[in-house]
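# Coordinates in review
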Amino acid sequence: MRRWKQTTGINEQAAGPGDPSQELLSLENVTVQYGDLKVLDSVSFALSEGEWLMIVGPNGAGKSTIVNTISGEAPYTGQIRFRQQDIRAYKPGELARCIGILSQNHFVGYSFTVREVVGLGRYAYKKGILGGTDEQKEILVDRALEMTGLTELQDHSVLQLSGGELQRTFLAQLFAQDPQVLILDEPTNHLDLIYQKQIFALVREWLQTEGRAVISVVHDLSLAKAYGSSGLLLQKGRLVARGGIDDVFAPEALEAAYSMDVYAWMQEMLGQWT
């Protein structure tokens, strides 16, 4: 049972004891500070098996900083654990088998084929120069290409791809990596509507396998509400609300984070289609 507390008039879910056997990833009092600026301020939450956590909030709230912190790109204080063990105790290859991260932007300056880039997702399973081969590689790469609709493009150079195709290529790489937790930073960035729908549907399908969970940083609140099972709402690096998606998207919580009546704005936008 999670505990709730009142802060500045908004319901905020404090980090409380859950079922340790179901908990995959947890952050406890994580703070990221550059000089006098706190980008994240004592953020705590836990991610359980089967959960799709949507991290939302205005620009500068600290959403992508959470991703960068888990990936080791941002210095932090506090604790980040995977299955109750500090992630700093894992070797990079070990952690890559547990957590896969898709960033917003990808720079490619090489002419690898789509298949070769997707295959790089199996690098964490490489057994060394004198070790055996990764017997699952080709099977998982084929499956990832099919899931993301890239089979016909697998022999194309990634330098020839559109932004949306490139994003799908790196998502396929993540699927081939086959981690237990996916962390997606704006996964539908640059994608047309049809691929936005496809990507979120694919992630939902991926999540059906036991022992998996997903964290997504999302700007589109409609997508977050439609696909997320839970939410985490940030504002200026601080936790405003954490819990079920409907609770986190309560009108008063969203207004506190975005400094506007989000519900009224969304209804006004929807009214243009009726």
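Here, every reference points to the structure presented above.
Read on for an overview of the structure. Residue positions are given per chain, counted from 1 along the sequence in the order it is written. Local features are withheld for residues below a pLDDT of 70 in this predicted model, meaning they are given only at 70 or higher, and side-chain atom pairs are given and counted only at 80 or more; totals for whole chains, interfaces and linings count all residues. Note that water and hydrogens are dropped before the side-chain values are worked out from all heavy atoms of the structure.

## Quick notes on the packing of helix 4 (residues 137–147) against helix 5 (residues 163–177)
For any two helices packed against each other, the geometry comes down to the angle between their axes and how far apart the axes lie. The following threshold applies: Interaxial angles span 0 to 180 degrees and are taken between N-to-C directions of axes, which are lines fitted to C-alpha atoms, for helices over the stretch in contact. Elements are defined by DSSP. Helices are runs of H or I of four residues or more, strands are runs of E of two residues or more, and each kind is numbered from the N terminus. Each angle receives one of four descriptions, namely roughly parallel if under 35 degrees, roughly antiparallel if over 145, roughly perpendicular if within 65 to 115, and oblique otherwise. It is the rotation of the near helix from the far one that decides the hand of a crossing: anticlockwise by less than a right angle makes it left-handed, clockwise makes it right-handed. The contact criterion used is simple: two residues touch if any of their non-hydrogen atoms lie within 4.5 Å. Three classes are used: nonpolar for Ala, Val, Leu, Ile, Met, Phe, Trp, Tyr, Cys and Pro, charged for Asp, Glu, Lys and Arg, and polar for all others, with Gly counted as polar.
Contact geometry for helix 4 and helix 5: axes closest at 8 Å, N-to-C directions at 140°. In terms of orientation, helix 4 lies oblique with respect to helix 5. The element helix 4 and its partner helix 5 pack so that their crossing is right-handed. Contact residues: L140, V141, A144 and M147 in helix 4; A172, F175 and A176 in helix 5. Residue composition of the contact of helix 4 with helix 5, grouped by class: 7 nonpolar, no polar and no charged.

## A closer look at helix 9 (residues 251–258)
Each α-helix turn comprises 3.6 residues. Residues three or four places apart therefore point the same way. Condition: Per-residue accessibility, obtained with a 1.4 Å probe over protein chains only, is compared with the maximum for each type, and a residue is labelled buried under 20%, exposed over 50%, and partly exposed between these values. Arc definition: directions from the helix axis to the C-beta atoms.
All of the buried residues in helix 9 are A253, L254 and A257. Down the axis of helix 9, the buried side of the element spans an arc of 95°, and every buried residue falls inside it. Following helix 9 by one or two positions, S259 adopts a phi angle in the positive range, close to 55°.

## Here's the deal with the pairing of strand 4 (residues 37–48)
Quick note on the threshold: Two strands are counted as paired when DSSP detects at least two bridges linking them.
Direction of pairing for strand 3 (residues 23–34) relative to strand 4: antiparallel, over a ladder of 8 bridges. Each bridged residue has a counterpart across the sheet, and for E23 the counterpart in strand 4 is S48. A loop of 2 residues connects strand 3 with strand 4, the two strands running antiparallel in sequence, and G35 in this loop sits at a positive phi of about 65°.

## Let's talk about the environment of T274
Using the following cut-off: Side-chain atoms alone can form a polar contact between residues adjacent in sequence; in general such a contact is a pair of N or O atoms within 3.5 Å, and within protein one must be able to donate a hydrogen while the other accepts it.
The topology assignment puts T274 in the segment after helix 10 (262–271). Assessed through its relative accessible area of 82%, T274 is described here as exposed. Here G271 takes part through its backbone oxygen, which lies 2.9 Å from a polar atom of the side chain of T274.

## A look at the packing of aromatic side chains
Formally: Note on ring pairs: Phe, Tyr and Trp rings are taken, using the six-membered ring of Trp, and paired if centres are within 6.5 Å. Classes follow the plane angle, with under 30 degrees stacked, over 60 edge-to-face and the rest tilted. Whether a charge lies above a ring is judged from NZ of Lys or CZ of Arg, which has to be within 6 Å of the ring centre and within 35 degrees of the ring normal.
One pass over the structure, following the stated rule, counts 5 aromatic pairs. When the ring of F82 is compared with that of Y90, the centres are 6.2 Å apart and the planes differ by 75°; the resulting orientation is edge-to-face. The two residues F82 and Y90 agree in class, both being buried. Measuring from ring centre to ring centre gives 4.6 Å for Y110 and F112, while their planes differ by 45°; the resulting arrangement is tilted. Owing to a relative accessible area of 29%, Y110 belongs among the partly exposed residues under this scheme. Feature note: the residues W52, F200 and Y227 constitute an aromatic cluster, connected by ring pairs. Above the ring of Y125, the side-chain terminus of R122 is found at 3.8 Å from the ring centroid.

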